[in-house]
Amino acid sequence: MSLAVAIQMDPVETIDIEGDSSFVLGLEAQRRGHGLYHYLPQELSLRDGRVYAHMRPLALRREAGNHAGQGQAESIDLATLDVVLMRQDPPFDMAYITATHLLEHVHPETLVVNDPIHVRNAPEKLFVTHFPELMPPTLITSDRREVEAFRAEHRDIIVKPLFGNGGAGVFHIAPGDENLSALLELFTDLYREPIIVQQYLPDVRSGDKRIILIDGRPAGATNRVPPQGEARSNMHVGGRPEKSELSKRDLEICEAIGPTLQERGLIFVGIDVIGGFMTEINVTSPTGLQEINRFDDVCLEAEIWDVIEKRYGSGHLTPSV
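The notes below deal with the structure included here.

Conventions adopted
- Residues numbered from 1 in each chain as written.
- Predicted model: local features only at pLDDT ≥ 70, side-chain atom pairs only at ≥ 80, totals over all residues.
- Heavy atoms only, no water.
- Buried < 20%, exposed > 50% of the residue type's maximum accessible area, 1.4 Å probe, protein only.
- Helix = DSSP H or I, 4+ residues; strand = E, 2+ residues; numbered from the N terminus.
- Arc of directions from axis to C-beta.
- Contact = heavy atoms within 4.5 Å.
- Pairing = 2+ DSSP bridges.
- Axes fitted to C-alpha atoms, helices over the stretch in contact; angles between N-to-C directions.
- Disulfide = S-S within 2.5 Å.
- Salt bridge = Lys/Arg side-chain N within 4 Å of Asp/Glu carboxyl O.

Some words on helix α6 (residues 180-190)
Since there are 3.6 residues in each turn of an α-helix, residues three or four apart along the chain are aligned in direction. Taken together, the buried positions of α6 are Leu-180, Leu-183, Leu-184 and Phe-187. Buried residues in α6, looked at end-on, bunch into an arc of 100 degrees, giving them a common side. Looking at α6, the residues exposed on the side facing more than 90 degrees away from the buried face are Thr-188 and Asp-189. Buried residues in α6 make contact with α5 (144-154), β10 (157-161), β11 (171-173) and β12 (195-199).

Comments concerning the sheet that holds β11
Across the sheet, which stays open at both edges, the four strands sit in the order β9-β12-β10-β11 with antiparallel pairing between neighbours. Sheet topology places β9 (138-141) and β11 at the edges, where each strand pairs with a single neighbour. Direction aside, the axes of adjacent strands within the sheet are offset by 20 degrees on average. As defined by bridge partners, β10 adjoins β11 across three bridges and the pair is classed as antiparallel. Directly across from Ile-157, in β11, lies its bridge partner Ile-173. Along the sheet, α6 makes contact with β10, β11 and β12, crossing β10 at roughly 15 degrees.

A short note on the state of the cysteines
Counted according to the given criterion, the structure contains zero disulfides. Free of any disulfide, Cys-254 has its nearest cysteine sulfur in Cys-299, 20 Å distant. You can call Cys-254 buried: its relative accessible area is 1%.

Some words on the sheet that holds strand β16 (residues 268-274)
Spatially, five strands are ordered β15-β14-β13-β16-β17 in an open sheet, and the strand pairing comes out antiparallel. Since the sheet does not close on itself, it has two edges, and those belong to β15 (240-243) and β17 (277-282), each with one partner. Between one strand axis and the next, the sheet turns by 30 degrees as a mean value, whatever way the strands run. The pairing of strand β13 (residues 208-214) with β16 spans six bridges and is classified as antiparallel. Following the sheet pairing, Ile-214 is matched in β16 by Phe-268.

Considering the pattern of salt bridges
Tallied over the full model, the rule gives 22 salt bridges. Its salt-bridge partner being Glu-28, residue Arg-32 comes within 2.7 Å of it at the nearest N-O pair. Of the charged contacts, one joins Glu-280 and Lys-125 as a salt bridge, the two residues approaching to 3.3 Å between their closest N and O atoms. Here Glu-280 is found in strand β17, whereas its partner Lys-125 is found in helix α4 (residues 124-127), with 155 residues between them in sequence. As far as burial versus exposure is concerned, Glu-280 and Lys-125 are alike and both buried.

Written as structure tokens, this is what we have:
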């Protein structure tokens, strides 16, 4: 089975081929004989009820500095493709949301991974709130009084933007820190949305575990350890990946959320777990494939493509659970 596959993502020329998950998803698609195209999210258009993208044929190779070859650009109706991988990085802003609305016009006839409707309805820091029993104490609010009361109760807290990504704008407010009022003023100036406040989890010093779920089932994990003097473990800010096993608690979390992921057509998902608490469910453009592959000697992108091909072959239907 040869499929026509488009990858909707940021500029392919700039990716890190040693860490980018979209890169290995594309390589695996090529290995299976699928034809690849690439386009930027801003190259999407809706015209007379049809969705088009100005896209280029794409050839990938694991050669540093020469990892992507692209052909002549042309406008292609997404309905003529078989699969679209929605892989652009957040922020989860109105441009991102608009892209999900446009892709909704072609899904599921053209299989979009992940399902654009449920990507839109599952922003990382909000989707996780549907599983409060798995989370640390959490507050989402624009009300300063609520933030101050939460801090008075939990003392040691994390404050971050509700739709941030990559560790940007994440602040650790320790007991005795006098910067909370100034920080809330800054957030009010920068964001119209509420903020998210969580109890600080000291276990983050030992790592923030990224667990990959494929079609609702745990497939592997890597532990991301923050650098010295840093409360954030994201790779973008210097987090160090380490080999990690799935604990009993990790499996309990995955078992609890797996059916919901399947029901929503969320094939490729990454969750973050600190000290036995789930802090985020990443459905927009999860990462971590290459790190887990190297530590565990596996090929998670092949498992993802097995699910995509099966879903495509069964008429693109989300399996009943």
